[in-house]
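These are the residues of each chain, in order.
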Amino acid sequence: MTTSVTHLWRILKWGRTLARHGALTGIEEDPLTPPPVRRLARIARFGARVPETPDYAKALQEIGPAAIKLGQTLSTRPDLVGERAAENLSQLQDDLPPAPFAAIKQTIEQSFEGPLESLFSEFDEVPIGAASIAQVHRAVTAEGREVAVKVLRPHIEDEFERAIETYEWAAAHVERMGGELERLRPRLVVAHFKQWTARELDLQREGASASEIRENMVAEPGYYIPEIDWRRTARRVLTLEWVEGIKLNDRDALIAAGHDCQTLAATLVRAFLRQAVVDGFFHADLHHGNLFALSDGRIAAIDFGIMGRINRQARVWLAEILYGLITGDYRRVAEIHFEAQYVPAHHSVEEFATALRAAGEPIRGLPVKDISVGRMLESLFSITRDFDMPTQPHLLLLQKTMVMNEGVATALDPDINMWATAEPFLREWIRSELGPEAYYADRIIEVVRAVKKIPELIHRIDQYYPPAGGAPPPPPLPEIAVIEQRTWWTYAAVGVLGAAAGAAGAILLY
């Protein structure tokens, strides 16, 4: 168990790095920051040259891989870090110097208990990309297929374990201060971050995620998921089909290659909605580097380490909320928030609907380029504070992915109207899921499931209340008071206590 002294030392060391990049200025200036946290920030920056403009991304890159991943998570939480910090963190890249090829080769050979040459006829020693958790090499299998091989960095699991343990320690102490910090639930944020990184550190699980989403996206022909090479995939190594395309952030190259950027943007939005709303299982790391336009016009997605999953009820609420915002049905959106218990029951549904209208009407129907993100976020954060809405960590990945998806789609088509693009899809899904046919289908399923439970319930009742045996029932027995038998140690204890009491009495007499 790591001691509190070790945690404090790590935090002060990280705080010193943050201070040198001006990343603690906002904490010190925020009136909501508890005094102990403000004092710790001042100690960390003591004697440091603090720049006027904070660079949060550079500071976290200097701290290490776990901090980079945490920063990418916090970039989706401007309510925690502030809008200015979130915007800077959204630019955070986890490009790092690659690990030595000898260590990568050793990892592959240990994973498959055989020489690298038996698996691949060609293997590029220089990676095409090196991120905070893993790096990717281009290779050719023994059968002649071109593939991408993703390999975890050496000892990366231990590094993340140490860092997350300190994050948990810090979050627990901060949350105990109460007030606004308790409402933001930092411990749950760190807990979800821990789950996300645990999934990313298991590449075999990432392969399973890619396989599942590949099956789900058959209904979206414009969206392609590479095939997994299971023979060459293990916990620390992932091998998948090589895809050749143009990154979606290179708009000029896409236009030069003859791609229709408006069609690509619409496909991207529709594919995300299908994953999140229809399947409840979505790619949660949709930045530009993970999306390519193939030569045939399809979009290919890679890197399935971070995936999100939401249950059917949450998907229904999500679809109704989005559709209500699109159509201006703020009353229904407010009701859903109360049904989902996102808003405490002591508040008024009507007042919450009015607050939503104040945030939604100024932006409804506008293209993304005409929407003031700062104004919108200010309105939304005001609503969450005024209505005591606790953070919903299980929706963090979804919120993050929606923001990323919008950013990529806007880069492709600056005039895209996200609401108008999503409206037909959501309207059809809501009709199919919440219409009368779906309602009665759900009731039939519930009845069938209940009927199927009847034999099991009867069996369990038999276990608790077995039938009478062959012997006749015994006659009633009278109630008799029984004197408890004392054991030898009981008498010994009474004797010792008696002797002690006598000695004490003698002392008092003298």
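Refer to the structure presented above.
Residues numbered from 1 in each chain as written. Predicted model: local features only at pLDDT ≥ 70, side-chain atom pairs only at ≥ 80, totals over all residues. Heavy atoms only, no water.

Peer 1: What is the right way to read unusual backbone geometry from this model?
Peer 2: Most of the time, phi is negative for any residue but glycine, and the peptide bond is trans. Even without being glycine, His155 reaches a positive phi, approximately 60°. Along the chain, His155 falls in the loop between strand E4 (146-152) and helix H9 (156-175). On the basis of relative accessible area, His155 is assigned to the exposed category, the value being 60%. Even without being a glycine, Asp303 presents a positive backbone phi close to 65°. Along the chain, the position of Asp303 falls in the loop between strand E10 (299-301) and strand E11 (307-309). (Helix = DSSP H or I, 4+ residues; strand = E, 2+ residues; numbered from the N terminus. Buried < 20%, exposed > 50% of the residue type's maximum accessible area, 1.4 Å probe, protein only.)

Peer 1: For this particular structure, what's the right way to read the sheet that holds strand E9 (residues 291-293)?
Peer 2: Within a beta sheet, neighbouring strands are joined by backbone hydrogen bonds and run either parallel or antiparallel to one another. One open sheet holds the four strands; their spatial order is E5-E10-E9-E7, and the pairing between them is mixed. Each of the sheet's edge strands pairs with one partner strand only, and the pair in question is strand E5 (223-224) and strand E7 (246-247). When E7 meets E9, the two strands line up antiparallel, connected through two bridges. Each bridged residue has a counterpart across the sheet, and for Lys247 the counterpart in E9 is Phe292. (Pairing = 2+ DSSP bridges.)

Peer 1: For this particular structure, what's the right way to read helix H11 (residues 186-200)?
Peer 2: Counting along an α-helix, one turn takes 3.6 residues, and residues three or four places apart therefore face a common direction. Taking 1.5 Å per residue, 15 residues should reach 21 Å; H11 reaches 21 Å between its end C-alpha atoms and fits that length. Here H11 has its buried residues at Pro186, Val189, Val190, His192, Phe193, Trp196, Thr197 and Glu200. Down the axis, H11 shows its buried residues gathered within 160° of arc, on one side only. (Expected span 1.5 Å × (residues − 1). Arc of directions from axis to C-beta.)

Peer 1: What should I look at first to understand the pairing of E4 in this one?
Peer 2: Along a regular strand, successive side chains alternate from one face of the sheet to the other. Across the seven residues that make up E4, a large majority, six, are buried. Two elements, strand E3 (residues 134-141) and E4, share seven bridges in a ladder whose sense is antiparallel. Within the sheet, the bridge partner assigned to Ala139 lies in E4 and is Val147. Hairpin connection between E3 and E4: a loop of four residues separates the two successive antiparallel strands, and Gly144 in this loop has a positive phi of roughly 95°. In this sheet, strand E6 (residues 237-241) lies alongside E4 in antiparallel orientation, the contact comprising five bridges. Each bridged residue has a counterpart across the sheet, and for Val149 the counterpart in E6 is Thr239.

Peer 1: What is the right way to look at the environment of Leu238 in this model?
Peer 2: Along the chain, the position of Leu238 falls in strand E6. You can call Leu238 buried: its relative accessible area is 3%. Sequence spacing of Leu238 and Val151 is 87 residues, and the spatial spacing of their C-alpha atoms is 6.6 Å. Those residues in contact with Leu238 that sit more than four places away from it in its chain are Ala148, Val149, Lys150, Leu203, Glu206, Gly207, Ile228, Arg232 and Thr233. (Contact = heavy atoms within 4.5 Å.)

Peer 1: Help me understand the packing of aromatic side chains, please; the structure alone is not making it clear to me.
Peer 2: One pass over the full model with this rule turns up six aromatic pairs. Seen in terms of ring centroids, Phe338 and Phe352 are 6.1 Å apart; in terms of plane orientation they differ by 80°. Their pairing is edge-to-face. Of this pair, Phe338 sits in helix H16 (residues 330-339) while Phe352 sits in helix H17 (residues 349-360), and the two are 14 residues apart along the sequence. For Phe338, a relative accessible area of 17% puts it in the buried group. On the basis of an interplanar angle of 80° and a centroid distance of 5.1 Å, the ring pair of Phe352 and Phe387 is categorised as edge-to-face. Residue Phe352 is found in helix H17, and its partner Phe387 is found in the loop between helix H18 (373-386) and helix H19 (396-412); the two are separated by 35 residues along the sequence. What makes Phe352 buried here is its relative accessible area of 1%. Through a chain of ring-to-ring contacts, the aromatic side chains of Phe101, Phe120 and Phe123 assemble into a single cluster. A cation over an aromatic ring shows up here: Arg232 above the ring of Phe120, its NZ or CZ 5.8 Å from the ring centre. In this arrangement the basic side chain of Arg298 is found over the ring face of Tyr224, its NZ or CZ atom lying 4.6 Å from the centre. (Phe/Tyr/Trp six-rings, centres within 6.5 Å; stacked < 30°, edge-to-face > 60°. Lys NZ or Arg CZ within 6 Å of the ring centre and 35° of its normal.)

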